[in-house]
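Listed below, chain by chain, are the residues.
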Amino acid sequence: MHRVLGIDGGASSSKWAVLDAAGTVVAQGRTAPIIGHLFNDEMRFQVFAALDTLLSETKAYAPAAVVAGITGLDAGTPEAQQMAEYIGRALGLSQQQVGVFNDMELVYRAHFAPGEGMVVYAGTGSVAYSIAPNGTVYRAGGHGYLIGDEGAGFWIGKTALRHLMRWHDAGLDTALYPLARHLYAVLGGRDWPRIREYVYGGGRQAVAALAPAVGRAAEEGDETATQVLLQAGRELAELALTLRHRLGTLPVVLCGGALQVSPLIEQGARELIELSVQYASSAEAAARMALQMMKSEG
């Protein structure tokens, strides 16, 4: 029985899904980050080591086609071709059986045909994205955690940490705040050396991993956590509004793993814009594109 593989390569983790010929999910999993930032030998080594792990986990399913959506990588570039060839060699597939795209192109095509709408994606980072009927890509945000990515996982974790450190600096009893308690549980301690080690040793993945703790604190009624999550939603809505200034009033789909942190994110976004929310797996969407590719080849 023919099977296909879909890969969602992200900055915090990568997910994969295997579908059978009928489109049923038969297996899925998660591995280390796989991104398109192949700027130097060290980064290439890390990316392809993570890709090796994913391919070793999925090789037993003998996929007949693969589609990968990789953050920070654009279809048709030398980097995309390099990754497609690498996947093909590992799985014994031809060039026609492997497709490598920018992750946002994959997400967009899972929801709209070109020109029909826009997606706002919130994972570790955030971006509003649309493809015009002529193939032109329009986007707002997506500038990376150092200068953007408002409203997404890293932003939520960083904003919560800023509140925590202000409480520390003010000499407040942080034990009074559910947000502090949940953050400490993930940070592994409450003293500055431990917090510094976690943040600067783990990087953006570690900071983004704090976002679920903010969600848990909000569930306990922590007002600061609640406001952080509502503002995250507003920031995401602002990305859509920015793109609407250029494209007009198109339907908006809000999606991405960060939304699973709390329904407050969606609530905050709906304060500013009408939208629909989609929690579907991008890895599964990639696999469905691979299924279409296999059928068209067959």
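Computed from a prediction, not measured in an experiment: that's the story for all the values here.

**Structural notes on the environment of Ala217**
Looking at the element boundaries, Ala217 is found in helix H7 (residues 211–219). Along the chain, Ala217 and Val4 lie 213 residues apart, while their C-alpha atoms are 39 Å from each other. Setting aside chain neighbours within four positions, we find Ala217 in contact with Pro178, Leu179, His182, Asp222 and Ala225.

**A closer look at the sheet that holds strand S1 (residues 3–9)**
Taking strand neighbours across the sheet as the criterion, the five strands line up as S3-S2-S1-S4-S5 in an open arrangement whose pairing is mixed. Each end of this open sheet is capped by a strand with a single partner; those strands are strand S3 (25–31) and strand S5 (98–102). On average, each strand axis in the sheet is tilted by 15 degrees relative to the strand beside it, whichever way the strands run. In terms of strand pairing, S1 meets strand S2 (residues 14–20) through seven bridges, oriented antiparallel. When the sheet's bridge partners are listed, Arg3 is paired in S2 with Asp20. Those strands touched by helix H1 (residues 41–58) are S1, S2, S3 and strand S4 (63–70), and its axis lies near 155 degrees from that of S1. Against the sheet, helix H3 (residues 103–111) makes contact with S1, S4 and S5, and its axis sits at roughly 95 degrees relative to S5, the strand it touches most.

**With respect to the environment of Leu187**
Examined against the element boundaries, Leu187 turns out to sit in helix H5 (residues 178–187). Judged by relative accessible area, which is 0%, Leu187 ranks as buried. Between the C-alpha atoms of Leu187 and Tyr198, which are eleven residues apart in sequence, the distance is 6.2 Å. The contacts of Leu187, once residues within four sequence positions are left out, are Leu161, Leu164, Arg194, Ile195, Tyr198 and Leu210.

**Focus on the pairing of S3**
In the sheet, S2 pairs with S3 via six bridges, with the strands oriented antiparallel. The partner of Trp16 across the bridge, within S3, is Gly29. Taken together, S2 and the strand that follows it, S3, pair antiparallel across an intervening segment of four residues, in which Gly23 is found at a positive phi of about 90 degrees.

**Things to note about unusual backbone geometry**
Of note in the backbone geometry, Ala62 takes a positive phi value of approximately 50 degrees without being a glycine. Looking at the secondary structure, you find Ala62 in the loop between H1 and S4. Ala62 gets classed as exposed once you look at its relative accessible area, which sits at 54%.

**Describing the confidence of the model for the chain**
Residue-level pLDDT values for the chain average 91, and 99% of them are 70 or greater. Taken element by element, the chain is modelled with least confidence in helix H10 (residues 282–297), mean pLDDT 83, and with most confidence in H7, mean pLDDT 98.

**Brief notes about the nonpolar core**
Ile156, Leu164 and Leu187 are the most contacted members of the largest nonpolar core, which has 52 residues in total. A total of ten residues in this core trace back to one element, the largest contributor, which is helix H8 (residues 223–247). Once you skip the residues sitting within four places of it in the chain, Leu164 turns out to touch Thr174, Ala180, Leu183, Tyr184, Leu187 and Ile195. If you look at the next biggest cluster of nonpolar residues, it comprises 27 residues, including Val66, Ala68, Ile70 and Val100.

**Quick notes on the packing of aromatic side chains**
Considering all chains together, one arrives at six aromatic pairs under this definition. For the ring pair Tyr108 and Tyr129, a centre distance of 6.3 Å and an interplane angle of 55 degrees mean the geometry is tilted. Of this pair, Tyr108 sits in helix H3 while Tyr129 sits in strand S7 (residues 126–131); the two residues are 21 residues apart in sequence, bridging distant segments of the chain. Here Tyr108 matches Tyr129 in class, with each residue buried. Where Trp167 meets Tyr177, the ring centres are 4.0 Å apart and the plane angle is 10 degrees; that geometry is what we call stacked. Highlighted residues: Trp167 in helix H4 (residues 153–169) and Tyr177 in the loop between H4 and H5, separated in sequence by ten residues.

**Focus: H5**
Residues three or four positions apart in an α-helix share a direction because the helix packs 3.6 residues into each turn. The element H5 is extensively covered by neighbouring structure, given that seven of its ten residues are classed as buried. Those residues of H5 that sit buried are Pro178, Leu179, Ala180, His182, Leu183, Tyr184 and Leu187. Looking at the buried side of H5, the elements it contacts are H4, helix H6 (192–208), H7 and H8. Just past H5, the residue Gly188 takes up positive phi, approximately 85 degrees.

About the thresholds
Residues numbered from 1 in each chain as written. Predicted model: local features only at pLDDT ≥ 70, side-chain atom pairs only at ≥ 80, totals over all residues. Heavy atoms only, no water. Helix = DSSP H or I, 4+ residues; strand = E, 2+ residues; numbered from the N terminus. Contact = heavy atoms within 4.5 Å. Pairing = 2+ DSSP bridges. Axes fitted to C-alpha atoms, helices over the stretch in contact; angles between N-to-C directions. Buried < 20%, exposed > 50% of the residue type's maximum accessible area, 1.4 Å probe, protein only. pLDDT = per-residue confidence, 0-100. Core = buried A, V, L, I, M, F, W, Y, C linked by side-chain atoms within 4.5 Å. Phe/Tyr/Trp six-rings, centres within 6.5 Å; stacked < 30°, edge-to-face > 60°.

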